[in-house]
Amino acid sequence: MGRVQPAQGAGRLTGFVATDSTCDFHRVDVVEVSRHFGRRRALAKTSLTFSAGSIAGLFGPNGAGKSTLLGLLSTLVRPTSGEVRYGGQPAAALGDALRGRIGVLGHDLFLYNDLTARENLLFFGELYGLSNPAAHVAAGLAHARLEDRANDRVSGFSRGLRQRLALERALIHQPRLVLLDEPFTGLDDESAGLLAARLRGLREAGAIVLMATHDFESADGLVDRMICLKAGRAREITADRSGLREQYRRTMAESWS
Amino acid sequence: MSVLRAAWLIARKDLLVEARSRELAYTTLFFALACVLVFSFAFVQEGKAVEGAAAGILWVAVAFSGTLALGRAFERERQSETLRALLLAPSERAAVYLGKLIGLLALMAGVEVVLVPIVGLLFGAPIGRAPLLLGGLLAAGTLGFAGVGTLFAAMLVRAHSRDVLLPLLLYPITVPVIIAGVRGTGSIFAADPNLDAALSWLSILVFFDVVFVLLSLWVFDPVMSE
């Protein structure tokens, strides 16, 4: 695996480079991807492209295929047909190292309740082979504004605090591809604003951010692209001035045949 | 990152979580001791145990408490879907299997350290007759049992009926391991001990271990991919 080393200061995506350049990429292509779970079609012949330095918003009703698409991009779910390419190469060609360039914040938060906030970040930092995990942990705790709760067990945290910690867990290894499922869940206004600023920072640093959400207010003005999903089919919407929610409603009311 | 380094990190995390909660240690130990105690009332008459009972009951307690530990260990990874986070780590997925296996082996070894003297006490079993051989049989048998069990428990982590399915899948496959363990231990505990036979059973257990663990390492990645 290519170890991620701090080149400048901890806590900034731009300060870290993957020493193994073969596992980095600046573009992700979803090519004619379908995914079926038994007889149920979760995603149908979907083709999308995501480029570095962008935030794409995934919108759609429950069961539309948003989580399946995130799962496919994370490599956890395999397509029934079609292919996901990272920098033009299929996942199989990049091997296990590819996962070191992907960060996932799921609806379930991937945190150990019996470990403290610091221990959670340290465990994942070490698991991702970071050369100085303690520095990354300190930066992550600062970003999450959890320095004073660093040694408290996660089981005592509110949903919002867990969400903030889980985001830093997903970002601790400075991933190129950032996949977020409902990142604004449980966050108060101030935390939601800070998350939006964090995501803009990731975009400026060259990350590819893909975010599934139902929170149009938080996503408005943040996402560069709007992708709507309906019954496993994807459609990209060109932004206009009517706002995300209005565009979404119009799109969903249209016929997708 | 090497597989062994990642496996060690996962095992160390599991042991730290267990040290905090002690949930698995208490439940498996209590279950194993209760099992042995109940059987002692049935198989020990006037201070003398039925021939061969001690070895059988020791392995029944190991298997049953091990099944309990397997289920609970993966239940923890299910609660916040942390198993998915482990599978997303940039190391071979076999590291997740190995890490969970090491953690379970450490836990089961701790239970057996308490269990064996209790069996010796209640059943009058000569546990000090060939301690290294007995330790080897327990270590090899536990590895074979937990090796298969870790794979099945991981596969079933998202199944609705996982608590029912785990023993249904696990026991038929691990019957040879349990039988070899019982026969080997029985050869040591017998009134007329046969340590050569125990050594042969140990060799068979080591063979099972190699087969089971290698097969599990081979299939873990494909079976964990959705």
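Structure first, text after, so check above.
Just so it is clear, the structure is predicted and the values come from calculations on it, not from any experiment.

### Structural notes on the interface of chain B and chain A
No. 1: Of the residues lining the interface, 21 residues belong to chain B; the matching set on chain A comes to 26 residues.
No. 2: No other element matches the seven residues that helix α1 (residues 3-21) of chain B contributes to the side of chain B that touches chain A.
No. 3: Along the lines of polarity and charge, the residues of the side of chain B that touches chain A split into ten nonpolar, five polar and six charged.

### Comments concerning the environment of L187 of chain A
Residues and elements named next belong to chain A.
No. 1: Inspection of the secondary structure puts L187 in the loop between β9 (177-181) and α6 (189-204).
No. 2: Classification of L187 by C-beta neighbours within 10 Å gives buried; the count is 21.
No. 3: For the pair L187 and A138, spaced 49 residues apart in the sequence, the C-alpha separation amounts to 21 Å.
No. 4: For L187, the contacting residues outside a window of four places in its chain are G160, Q163, A192 and L195.

### Topic: helix α2 (residues 23-43) of chain B
Two residues of an α-helix separated by three or four positions point the same way, owing to the 3.6 residues in each turn.
Residue and element names in this part refer to chain B.
No. 1: The terminal C-alpha atoms of α2 lie 30 Å apart, and with 21 residues this matches the ideal 30 Å at 1.5 Å per residue to within 8%.
No. 2: Taken together, the buried positions of α2 are L24, T28, L29, A32, V36 and F39. For α2, the angular spread of buried residues about the axis comes to 110 degrees, placing them on one side. In α2, the exposed residues that point more than 90 degrees away from the buried face are Y26, L37, V38 and F41.
No. 3: Buried positions along α2 lie against α1, α3 (53-79) and α5 (94-123).

### Notes on helix α8 (residues 244-253) of chain A
All names here are of chain A.
No. 1: Within the sequence span of α8, burial applies to L244, Q247 and Y248. With its buried residues spanning 100 degrees around the axis, α8 presents them on a single face. Projecting away from the buried face of α8 at angles above 90 degrees are the exposed residues E246 and A253.
No. 2: In this structure, the buried residues of α8 make contact with β5 (54-59), α7 (216-219), β11 (225-230) and β12 (233-237).

### A closer look at the packing of helix α3 (residues 117-127) of chain A against α1 of chain B
No. 1: Here α3 of chain A crosses α1 of chain B at 165 degrees, and the two axes come no closer than 10 Å. The angle between α3 of chain A and α1 of chain B falls in the class roughly antiparallel. Considering only the axes of α3 of chain A and α1 of chain B, their crossing is left-handed. Contacts between α3 of chain A and α1 of chain B involve F123, E126 and L127 of chain A from the first element and A6, L9 and K13 of chain B from the second.
No. 2: Each residue belonging to the contact of α3 of chain A with α1 of chain B can be placed in one class, and the counts come to four nonpolar, no polar and two charged.

What counts and what doesn't
Residues numbered from 1 in each chain as written. Chains lettered and ligands numbered in written order. Predicted model: local features only at pLDDT ≥ 70, side-chain atom pairs only at ≥ 80, totals over all residues. Contact = placed C-beta atoms within 7 Å. Helix = DSSP H or I, 4+ residues; strand = E, 2+ residues; numbered from the N terminus. Nonpolar A, V, L, I, M, F, W, Y, C, P; charged D, E, K, R; others polar. Buried ≥ 20, exposed ≤ 12 C-beta atoms within 10 Å, placed from the backbone. Expected span 1.5 Å × (residues − 1). Arc of directions from axis to C-beta. Axes fitted to C-alpha atoms, helices over the stretch in contact; angles between N-to-C directions. Parallel < 35°, antiparallel > 145°, perpendicular 65-115°, else oblique. Left-handed = near helix turned anticlockwise from the far one by under 90°.

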